[in-house]
Amino acid sequence: MRLSKRLRHILIWGGLVSAILAPIAAAANSPLLQWREPIYIIAGFAGIIAMAMLLLQPLLAISAIPGLSPHMSRRVHRYGGMALVLAVVVHVVGLWMTSPPDVIDVLLFRSPTPFAIWGALAIWAVFGAALLAFWRVRLPLRVWRWGHTVLVSLAVVGTVVHAVQIIGTMETLTKSALSVLVVAALLLAIARRRVWTMGIQPRRR
Amino acid sequence: MCDRLCGVYLARQLEIPSQYAMFAAKKQLSRRFHMKTSPMTRRTALALGGAAVLMPATGLIHPAQAAGLAPTPTMRGGANNYRPDAPIVGRIGGGGFWMTGTVRRAGDGAPLPDQRIQMWAHTTEGHERDPHSHGATLTDANGVFRLEMPQIVPAFGQAHGHLAYDSAGFKTVFLRPLLASLNETTLNVEFVLAPV
């Protein structure tokens with residue numbers, strides 16, 4: 001019993017670490033990197049790291065990562081959210097510096113690339129979810145929980161569709177695996193939290 | 001002679017408000033065919049209605065094509081990182097990739113010689129913004145152009161090139177074609193230009 005629990009911890013940690021490091025390592029070996037300026041490379045990796053954060057964040061929110069106390073999980077989730085916003089900012093600013101008109105087209109929803117609109121959706125969903133977290137104590141409970149759940153769901157869907165359609169430094173197999181895990185982690189967190197049980201309107205007395 | 005659905009279709013084609021659809025469609029039909037009481041069979045009416053709906057979809061009666069070959073429209077994002085007046089060169093950088101194409105006149109499709117076509121891309125030798133990634137060439141007597149440039153590689157999510165026609169005489173066109181696959185070493189692009 002004790003051994004199997006320990007084995008489970010090791011497997012979960014190993015799975016998480018490899019699910020995050022494998023796509024980063026694969027992208028670091030991409031032949032495309034040799035034809036890119038450093039700022040473009042940094043922007044690309046910031047995007048991959050932001051996507052990897054989307055795997056950890058739901059698991060931290062429901063303290064499903066073994067070895068971390070619920071209190072610790074929550075704290076790491078909070079810092080993780082800040083890191084995620086920072087990664088998104090680096091991703092967008094880095095791409096802007098590489099090719100300003102392409103990024104302006106994305107933000108104005110007139111880009112010719114099909115994945116751009118999903119990336120733009122994910123940007124605003126991440127910022128919205130972070131703003132709600134920032135004002136959480138001042139918000140009604142239902143606004144906070146429903147809002148954060150809906151926005152992070154949009155962020156995950158936007159990010160995954162964005163990433164899957166891009167021909168870039170990410171390698172196909174590790175990108176697909178990370179995509180599946182990110183969606184699975186979100187669904188697990190939603191299933192645990194059951195935000196719908198509290199309804200949309202407060203109960204009348 | 002014409003059931004309700006067919007009437008609605010015809011009305012839409014004739015741009016008549018839908019509440020008058022049935023009545024107006026019948027009236028228009030009989031007027032068009034100089035008939036007081038329409039001897040038109042239900043089958044003919046349905047066929048006509050169907051044809052009226054399908055014709056615009058096939059593009060057969062598009063106004064620009066009514067006169068012949070339609071001009072190439074500018075593509076979204078085509079002008080991104082454009083640098084006006086890129087020099088005419090024998091080759092961009094070390095070469096290895098061929099950008100080819102034709103330049104014709106809208107309408108009659110006549111090949112246009114001595115037209116300047118400009119191109120740029122993210123390649124193995126530089127980003128789109130770099131001046132040395134840009135160059136231009138002229139079409140030959142048959143309206144054909146070909147310019148060697150470094151291999152195009154994926155950037156901003158797609159392997160794509162940029163081309164521009166930006167001289168006087170015809171309307172400016174910016175294109176952003178995609179490579180068929182990452183292994184392609186050539187890209188063929190057709191310009192059909194509209195007179196200013």
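Source: prediction; values computed, not measured. (Residues numbered from 1 in each chain as written. Chains lettered and ligands numbered in written order. Predicted model: local features only at pLDDT ≥ 70, side-chain atom pairs only at ≥ 80, totals over all residues.)

### Concerning the overall build of chain A
Heads up, the condition is: Strands here are runs of E lasting at least two residues and helices are runs of H or I lasting at least four, both read from the DSSP assignment and numbered beginning at the N terminus. Radius of gyration: over C-alpha atoms. The globule rule applied is 2.2 Å multiplied by the number of residues raised to the 0.38 power. The exposure scheme places C-beta atoms from the backbone and then counts, for each residue, the other C-beta atoms within 10 Å of its own, assigning buried at 20 or more, exposed at 12 or fewer, and partly exposed in between. A residue pair is marked as a contact if its C-beta atoms, positioned from the backbone, fall within 7 Å.
If you tally the helices and strands in chain A, you get seven helices and zero strands. Written out in order from the N terminus, the α and β elements of chain A read α-α-α-α-α-α-α. Taken over C-alpha atoms, the radius of gyration comes to 18 Å for chain A, in line with the 17 Å a tight globule of 205 residues would show. Overall, chain A is about 60 × 50 × 25 Å in size when its C-alpha atoms are taken along their principal axes. Looking at chain A residue by residue over its 205 residues, the buried ones come to 35%. Considering only contacts in chain A between residues 6 or more positions apart, those separated by 24 or more positions represent 74%.

### Observations regarding the interface of chain B and chain A
Quick reminder of the rule: Just so you know the grouping, Ala, Val, Leu, Ile, Met, Phe, Trp, Tyr, Cys and Pro go in nonpolar, Asp, Glu, Lys and Arg go in charged, and all remaining residues, Gly too, go in polar.
Each side of the interface is counted separately: chain B has 16 residues, and chain A has 16 residues. Classifying every residue of the side of chain B that touches chain A by side-chain character gives five nonpolar, seven polar and four charged.

### Comments concerning the nonpolar core
To keep it simple, the criterion reads: The nonpolar core is taken to be a set of buried Ala, Val, Leu, Ile, Met, Phe, Trp, Tyr and Cys residues joined by way of C-beta atoms within 7 Å.
Met51, Leu55, Val126, Ala155 and Val182 of chain A are the most contacted members of the largest nonpolar core, which totals 46 residues. Going through the elements one at a time, helix H1 (2-28), helix H2 (38-61), helix H3 (70-98), helix H4 (100-107), helix H5 (116-134), helix H6 (141-165) and helix H7 (172-193) of chain A are the ones with two or more residues in this core. Membership of the second largest hydrophobic core comes to 32 residues, among which are Phe97, Ala136, Leu147 and Val192 of chain B.

### Digging into the sheet that holds strand S4 (residues 144-149) of chain B
Residue and element names in this part refer to chain B. The condition that has to hold: Strand pairing follows a simple DSSP-based rule, namely that at least 2 bridges must link the two strands. Orientation is described by lines fitted to C-alpha atoms, with helices fitted over the stretch in contact, and by angles between N-to-C directions that extend from 0 to 180 degrees.
Spatial strand order, S4-S1-S7: three strands in an open sheet with mixed pairing. Strands at the two margins of the open sheet, each flanked by one partner only, are S4 and strand S7 (186-193). When strand polarity is set aside, the average angle formed by the axes of neighbouring strands in this sheet is 20 degrees. Summarising the sheet, strand S1 (residues 97-105) and S4 pair through six bridges and their orientation is antiparallel. Note on S4: the bridge partner recorded for Met99 is Leu147.

### Some words on H4 of chain A
Residues and elements named next belong to chain A. Short version of the rule: Throughout, the arc means that of the directions going from the helix axis to the C-beta atoms.
All buried positions along H4 are accounted for by Asp102, Val103 and Val106. Taken end-on, H4 shows its buried residues confined to a sector of 95 degrees, consistent with a single buried face. Residues of H4 that are buried sit in contact with H3 and H5. Phi turns positive one or two residues past the end of H4, at Phe109, with a value near 60 degrees.

### Here's the deal with the confidence of the model for chain B
Residues and elements named next belong to chain B. What counts here: Confidence scores per residue from the predictor, reported as pLDDT, run from 0 to 100.
Model confidence for chain B is summarised by a mean pLDDT of 79, while 66% of its residues fall at 70 or above. Taken together, the stretch residues 1-40 has pLDDT below 50 and engages in 42 contacts with residues farther than four places along the chain or on a different chain. A low-confidence stretch, residues 51-66 (pLDDT under 50), is modelled with 14 contacts involving residues beyond four sequence positions or located in other chains. Here the predicted complex scores 0.80 on pTM and 0.88 on ipTM.

### Section: the sheet that holds strand S3 (residues 134-138) of chain B
Residue and element names in this part refer to chain B. A sheet is described by the order of its strands in space; here four strands give the open sequence S3-S2-S5-S6, paired in antiparallel fashion. Bordering the open sheet on either side are S3 and strand S6 (173-175), each of which pairs with just one other strand. With strand direction ignored, the average angle separating the axes of adjacent strands in the sheet is 20 degrees. Here strand S2 (residues 116-121) pairs with strand S5 (residues 161-165) via four bridges, running antiparallel. Bridge assignment links Trp120 to a residue of S5, and that residue is His162.

### Comments concerning the pairing of S1 of chain B
One ladder, built from eight bridges, connects S1 of chain B with S7 of chain B; its direction is parallel. Following the sheet pairing, Trp98 of chain B is matched in S7 of chain B by Thr186 of chain B.

### Focus on the environment of Thr102 of chain B
All names here are of chain B. Checked against the element boundaries, Thr102 lands in strand S1. Put simply, Thr102 and Gly161 are 59 residues apart on the chain and 16 Å apart in space, counted from C-alpha to C-alpha. Leaving out residues up to four positions away in the same chain, Thr102 has contacts with Pro111, Gly143, Val144, Glu190 and Phe191.

### Points about the environment of Pro150 of chain B
All names here are of chain B. Examined against the element boundaries, Pro150 turns out to sit in the loop between S4 and S5. Classification of Pro150 as buried rests on a count of 21 C-beta atoms within 10 Å. Counting along the chain gives 29 residues from Pro150 to Ala121, while the straight-line C-alpha distance between them is 9.0 Å. Excluding residues that lie within four positions of it along the chain, Pro150 makes contacts with Ile92, Gly93, Gly94, Gly95, Gly96, Phe97, Thr123, Thr124 and Glu125.

### Some remarks on the packing of H6 of chain A against H7 of chain A
How two helices sit against one another is set out by the angle between their axes and by the gap between those axes. Residues and elements named next belong to chain A. Under the convention used in this document: Roughly parallel covers angles under 35 degrees, roughly antiparallel covers those over 145, roughly perpendicular covers 65 to 115, and oblique covers all other angles.
Between H6 and H7, whose axes approach to 10 Å, the crossing angle comes to 170 degrees. By the angle between their directions, the pair H6 and H7 is classed as roughly antiparallel. Two secondary-structure elements touch here, H6 through Thr149, Val152, Ser153, Val156, Val160, Ala163 and Val164 and H7 through Lys175, Ser179, Val182, Val183, Leu186 and Ile190. Here the contact of H6 with H7 is composed, by residue class, of nine nonpolar, three polar and one charged.

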